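For reference, the chains in residue letters:
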Amino acid sequence: MLAEQAKAIEKLSLENLELRARLGMNSRNSSKPPSSDGYDKPAPKSRRVRSGKKPGKQPGDPGHHLAQRVDPDETKIHRPDNCEKCGADLFDAEVSGIIARQVFELPRVALFCTEFQAERRRCSCGAETTGTFPAEATAPACYGPALRAYVCYLVTRQHIPVARVAELLRDTYGAPISTATILAMVKEGAAMLEEFLAQVRDLLRDADVVHADETGLRVEAALAWVHAVSTGDLTLYHLDDKRGTDAMDAMGVIEHLHGVLVHDGWSSYRSYENVTHQLCNSHHLRELEAAGSIEGQSWVNDMSTLLSATWQRVLEATAAGQRSLSDQVLAEVYENYQSIIAAGHVANPPVAPSGKRGRTKRTKTHNLLLRLDAYEDDVLRFAADFAVPFDNNLCERDIRMVKIAQKISGGFRSTEGAEAFLALRSYLSTAAKQGMNRLVALQRLFNGDTWMPAAPGTSP
């Protein structure tokens, strides 16, 4: 009887902890989006170490302001008519000085129409030959490459809904473009990116460090998955109806890697044995914060402090030109890490099997402890090799753009439209990372001169 009572109490205690953990979750201590916080949104809390400098412009910084141009597009002279003192006429008076003020204004905008006329000329032999139209003149009346590039920029970079893009073009340029035409322009741009996407895929396969992440996306009123792999120079998106390794293999990157894969610890990434793993420590810090605030275990605060302090050491050593922490410092970090893990095991003793089939139920904090213990090297790899980042924030920022598009428009009505959006997002993100103006890159695309990415470490 007492044994059954003890089991019941233990079960209720675990359920109580789980419910408290759920209630205490927010965007700061879990992977929940900020939009889910509602009116109980926690105050911002930055882990950035204070530099000691005063806020604002720093001494020696040139600053930024609107400067006058030496070659204004138009100059207007304003002459005084009469003397302010005596009222005399100043028409023939000497000019003693000039004060200049410049106003920067948007020009009047309207569609610029160019008519191309192909002449037909009859040879003395009687045959007629017709002149050749330029590539952009595809029909008796059509929109040019600059406008098509601008439409794709508004839809895939600025995430403006298609109907509002049509409204913007009508209000600003007087262009009566239908939503169907806008969608056709986006699909047209994506269709020209096949060679670009293949090159990005090949460059990612050769990269030493690659980030990976995935997120859900509403497509045709159902849940689909967007997979992203990226580096500081490259971004590639892939749409699939699956989340696991089948979808990752279909993307054609991760299974070909031989370097370090940075990810959030999801089990499907762990199945790839061809890579070395680095777990995202931003996820760990959020989970540790949740465990400390909900369950009050002291070891989680110690682990959070150790990870943050080690990352700060890495930043300082990198600034000093080092490539890794010294063996002595690394040994100290690992020793402290293992001591904290040992304290965690004391606070979370092994759970006795329940006798039922399946995994033994544990608290989130206990599962976090076991993960940090099992993958110690994958947590601290950033300290041994400075080429490996502390977190997976790079890919999370890349994939956040997809969520922003969904939040604005609610999802995609067709799979073809979603794939076109992701292809252009891959193009624009990669171009921006390599210092290319996004709009210029799109204009080159529609002019038949697709911008291609440079290999990492080379000039684009």
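Calculation notes
- Residues numbered from 1 in each chain as written.
- Predicted model: local features only at pLDDT ≥ 70, side-chain atom pairs only at ≥ 80, totals over all residues.
- Heavy atoms only, no water.
- Helix = DSSP H or I, 4+ residues; strand = E, 2+ residues; numbered from the N terminus.
- Expected span 1.5 Å × (residues − 1).
- Buried < 20%, exposed > 50% of the residue type's maximum accessible area, 1.4 Å probe, protein only.
- Arc of directions from axis to C-beta.
- Phe/Tyr/Trp six-rings, centres within 6.5 Å; stacked < 30°, edge-to-face > 60°.
- Lys NZ or Arg CZ within 6 Å of the ring centre and 35° of its normal.
- Pairing = 2+ DSSP bridges.
- Axes fitted to C-alpha atoms, helices over the stretch in contact; angles between N-to-C directions.
- Contact = heavy atoms within 4.5 Å.

1. Structural notes on helix 10 (residues 327-347)
For helix 10, built from 21 residues, the straight-helix expectation of 30 Å at 1.5 Å per residue is met to within 8% by its first-to-last C-alpha distance of 30 Å. Those residues of helix 10 that sit buried are Leu330, Val333, Tyr334, Tyr337, Ile340, Ile341 and Gly344. Burial along helix 10 is one-sided: seen end-on, the buried residues are contained in an arc of 125 degrees. Those residues of helix 10 that are exposed and aimed more than 90 degrees away from the buried face are Gln328, Glu335 and Val346.

2. Points about the packing of aromatic side chains
Taken as a whole, this structure holds 9 aromatic pairs when the rule is applied. Here the aromatic rings of Phe382 and Phe390 are separated by 4.9 Å at their centres, their planes lie at 90 degrees, and the arrangement is edge-to-face. For the pair Phe382 and Phe390, one class covers both residues: buried. Counting every residue linked through ring pairs, the aromatic cluster contains Phe196, Tyr427 and Trp451. Looking at Arg243, its charged tip hangs above the ring of Trp266, at a distance of 4.1 Å from the centre. Above the face of the Tyr375 ring, Arg270 is positioned so that its terminal group lies 3.9 Å from the ring centre.

3. Focus: helix 11 (residues 364-374)
Buried residues of helix 11: Thr365, His366, Leu368, Leu369 and Leu372, and no others. Burial along helix 11 is one-sided: seen end-on, the buried residues are contained in an arc of 160 degrees.

4. Quick look at the sheet that holds strand 6 (residues 260-263)
Across the sheet, 5 strands lie side by side as 5-4-3-6-7; this open sheet has mixed pairing. The strands lining the two open edges of the sheet, one partner per strand, are strand 5 (235-240) and strand 7 (276-279). The average undirected angle you get between the axes of adjacent strands in this sheet is 25 degrees. Taken together, the 3 bridges between strand 3 (residues 209-219) and strand 6 define a ladder with parallel strand orientation. Bridging from a neighbouring strand, Val209 pairs with Val260 of strand 6. Contacts from helix 13 (residues 393-409) reach strand 3, strand 4 (222-230) and strand 5 within the one sheet, and its direction differs from that of strand 3 by about 15 degrees.

5. As for unusual backbone geometry
We note that His159 has phi near 60 degrees; this positive angle belongs to a residue other than glycine. Summarising the element assignment, His159 is placed in the loop between helix 2 (145-156) and helix 3 (162-173). When its relative accessible area of 7% is taken as the criterion, His159 is described as buried. For Ala221, which is not a glycine, the phi torsion comes out positive at approximately 60 degrees. Along the polypeptide, Ala221 turns up in the loop between strand 3 and strand 4.

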